[in-house]
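Take a look at the letters that make up each chain.
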Amino acid sequence: MQPSRKIIRRPASLQAQRLAEKVHPVLARVYAARNVSQTDELDHSLERLHHPRLLKDIDRAVELLAQAVINDKHVVVVADFDADGATGCALAVRALRAVGGRRVSYVVPDRFRYGYGLTPEIVALAAERAPDLLVTVDNGISSIDGVRAAHERGIAVLITDHHLPGETCPAADAIVNPNQPGDSFPSKHLAGVGVIFYVMLALRAHLRDLGWFGAARPTPNLAQLLDLVALGTVADLVPLDHNNRILVAHGLARIGRGDACAGIRALLAVAGRSASGVTASDLGFCVAPRLNAAGRLEDMALGIDCLLTDDPEGAQVMALRLDALNRERRAIQEDMQMQAFAAVDALRLERDTVPLTLCLFDPGWHQGIIGLVASRLKERFERPAIAFAPANDAELKGSARSVPGLHIRDTLDAIAARHPGLLQKFGGHAMAAGLSLQRDQFPAFCAAFEAQVAEQLSDDSLRGNILSDGELTPGELNLELATLLREAGPWGQGFPEPVFDGEFEIVASRVVAEKHLKLTLRHPANNRVLDAISFNHLTRAPILDCPRAHAAYKLDVNEYQGYRSLQLIVEHLEPAS
């Protein structure tokens, strides 16, 4: 049978004692568990950012861009069709225009016609605009053929990317990627939008040194683009190391002050979220899905245009369209998820256990939604999962999601080395990847994936255990601490929002919206009654039939009609011991 999840408390740290001299003791405990050893790492001032000059090839990249701007050459930005690519594209176009570029445009691949990256087909599409320079954003590090096709047409190429490179990098005119060989940039976790932001910072500095700016052409404030950096960084689920937390914190601050671009303001509005007090989770769960819906179902140009416009009314019209696409995406996803869960349940009945890996394909599945289905499979069954959809009659496209302890991109690399020709293309990160293969190779790939993962994963990696920051005293269960924790982030991938645990009496429970569990809990130490909710509870666990439960939870500030109250967001419930 599938191993049961456990609540495991993070070990105590001596660092917490030192941090507690400067911050709240609970916060000190939380920070120490996330390897923060000194308060300098909590400083979010922009001066703490790593310097752009540490990026390999940055000088050559800046020279290409500066010559294009100064000599009025045509620059075409080649975007990716996800939120990171969209925000990065919008940032590149806005920044190049802000520094004086007069001939700047963009192209974004239609995932259903062209696939991912700077392919020869996308080069041909961009060539119709007669560009002098192509600038990739959030793609390109594996585009060997695309760069060759551009050079054959006499077009220069600057690649900006953050994905892991293969054995050979493209022969581009310049490559800026913190993960390329020989790069000394300390943060390897920049999103694509973060990489292009750094390139634009370096470009502005170079143009300033050349005397390009003056009374007629003032130096632009590129910090105005940090709202885009924050959205793309959070949406792409890159680890929030100190450098990324600085970028996201300043972006959130701009949004909270009402200084975001019209598109982000409109997307927050259609999601029913106020810009004031916006958090990273608001960007990740409310704004990013609506932006991504364009690339999943239609054309990400809609999302990019929404982020580029300065017209609030136009942004609102586009945001409403993106919201409608997101509702359509949800409906398609729910159908696909039900089919996927049923397929796994059938396998579990057949084998009396959930397989070590989940590789699923259905000819009716939507190529733009398979990444979301793979994520839900991974979350529900705590297994590395790959969902496949048809690319055409002969080819499948897959989207993979991993569990802790398994680097999914390296796993695919190992499979490609052991089974030459099995994979046509692949790329990605530690926790997510994309791939393509011939349809008739699907059974062989599933077997190879299972065998490769079996060599690398332990049972603990498959439990999906809940890591807790410990128990809170009754006096710490208050609105003040919930507010402090909310403001102490940004929280996200690699720097998770605090989770606590404890035993509570279940006073009442009821199902809301057919899948969430609303709870009234009582703390046994002082009989205090607490409101709680377990989102999507019925999709992952039955309702507990016991008077007392051990809960893993987050502290949340619930706001309703101007009233703020404490609420527990329950992540996991099990019978109390």
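Because the structure is a prediction, the values reported are computed rather than measured. (Residues numbered from 1 in each chain as written. Predicted model: local features only at pLDDT ≥ 70, side-chain atom pairs only at ≥ 80, totals over all residues. Heavy atoms only, no water.)

Asks: What am I meant to see in the overall build of the chain here?
Replies: Scanning the chain from N- to C-terminus turns up 17 helices and 17 strands. Taken over C-alpha atoms, the radius of gyration comes to 24 Å for the chain, in line with the 25 Å a tight globule of 577 residues would show. Summarising its shape, the C-alpha atoms of the chain cover approximately 75 × 60 × 45 Å along the three principal directions. The buried share of the chain, reckoned over its 577 residues, is 53%. The long-range share in the chain, meaning contacts at least 24 apart out of those at least 6 apart in sequence, stands at 68%. Accessible surface computed for the chain: about 24,600 Å², of which carbon and sulfur atoms make up 49%. Looking at the chain, you have 60 positive and 70 negative side-chain charges, and the mean spots of the two groups are 2 Å apart. (Helix = DSSP H or I, 4+ residues; strand = E, 2+ residues; numbered from the N terminus. Rg over C-alpha atoms; globule rule 2.2 N^0.38 Å. Buried < 20%, exposed > 50% of the residue type's maximum accessible area, 1.4 Å probe, protein only. Contact = heavy atoms within 4.5 Å. Areas by Shrake-Rupley, 256 points an atom, 1.4 Å probe, with all protein chains shown as cover. Lys, Arg positive; Asp, Glu negative; His and termini not counted. Charge placed at Lys NZ, Arg CZ, Asp CG, Glu CD.)

Asks: Can you help me understand the nonpolar core in this one?
Replies: Across soluble globular proteins, you tend to see nonpolar side chains buried next to one another. Grouped together as the largest cluster of nonpolar side chains are 146 residues, with contacts concentrated most on M200, L377 and L555. In terms of residues, this core owes the most to one element, helix α7 (residues 192-209), which gives eleven residues. For L555, the residues in contact, after removing those within four places along its chain, are L472, E476, L477, L481, A482, L485, E497, F500, L566, Q567 and L568. Counting 24 residues, the second largest nonpolar core, distinct from the first, contains A400, I408, I415 and F449. (Core = buried A, V, L, I, M, F, W, Y, C linked by side-chain atoms within 4.5 Å.)

Asks: Whenever I open this one, helix α9 (residues 242-256) confuses me. Can you help?
Replies: Within an α-helix, residues lying three or four positions from one another point in the same direction, as the helix has 3.6 residues per turn. Its 15 residues give α9 an end-to-end C-alpha distance of 21 Å, which sits within 8% of 21 Å, the value for a rise of 1.5 Å per residue. Burial analysis of α9 places eleven of its 15 residues in the buried class, which makes it a mostly covered element. Structurally, α9 contributes buried residues whose contacts are with α7, α8 (226-235), α10 (262-270) and α11 (280-297). Of the residues trailing α9, G258 is marked for its positive phi of about 85°. (Expected span 1.5 Å × (residues − 1).)

Asks: How do you make sense of the sheet that holds strand β7 (residues 358-361) when you look at a structure like this?
Replies: What holds strands together in a sheet is hydrogen bonding between their backbones, with the strands either parallel or antiparallel. Strands sit in the order β7-β8-β9-β11-β10 across an open sheet of five strands; the sheet is mixed. With partners counted over all chains shown, the strands left at the sheet margins are β7 and β10 (425-428), one partner each. Averaged over all pairs of adjacent strands, the angle between strand axes in this sheet comes to 15°, irrespective of strand direction. Bridge analysis of β10 against strand β11 (residues 432-438) gives four bridges, and the strand direction is antiparallel. Bridging from a neighbouring strand, G427 pairs with G434 of β11. Its contacts with the sheet place helix α14 (residues 370-381) against β7, β8 (385-390) and β9 (395-401), and it is angled at close to 45° to β9. (Pairing = 2+ DSSP bridges. Axes fitted to C-alpha atoms, helices over the stretch in contact; angles between N-to-C directions.)

Asks: What's the story with the packing of aromatic side chains in this structure? I'm lost.
Replies: In this description, a pair of aromatic rings is defined by centroid distance and the angle of the planes. What the rule picks out here adds up to twelve aromatic pairs. Note on F185 and Y198: the rings are 5.1 Å apart at their centroids and 80° apart in plane angle, and the pair reads as edge-to-face. Of this pair, F185 sits in the loop between β6 (174-176) and α7 while Y198 sits in helix α7; the two residues are 13 residues apart in sequence, bridging distant segments of the chain. Of the two residues, F185 and Y198, neither departs from the other in class, the shared state being buried. Joined through ring pairs, the aromatic side chains of F361, F388, F442, F445 and F449 make up one cluster. Here the guanidinium or amino end of R217 rests over the ring plane of W212, the centre of that ring lying 3.7 Å away. (Phe/Tyr/Trp six-rings, centres within 6.5 Å; stacked < 30°, edge-to-face > 60°. Lys NZ or Arg CZ within 6 Å of the ring centre and 35° of its normal.)

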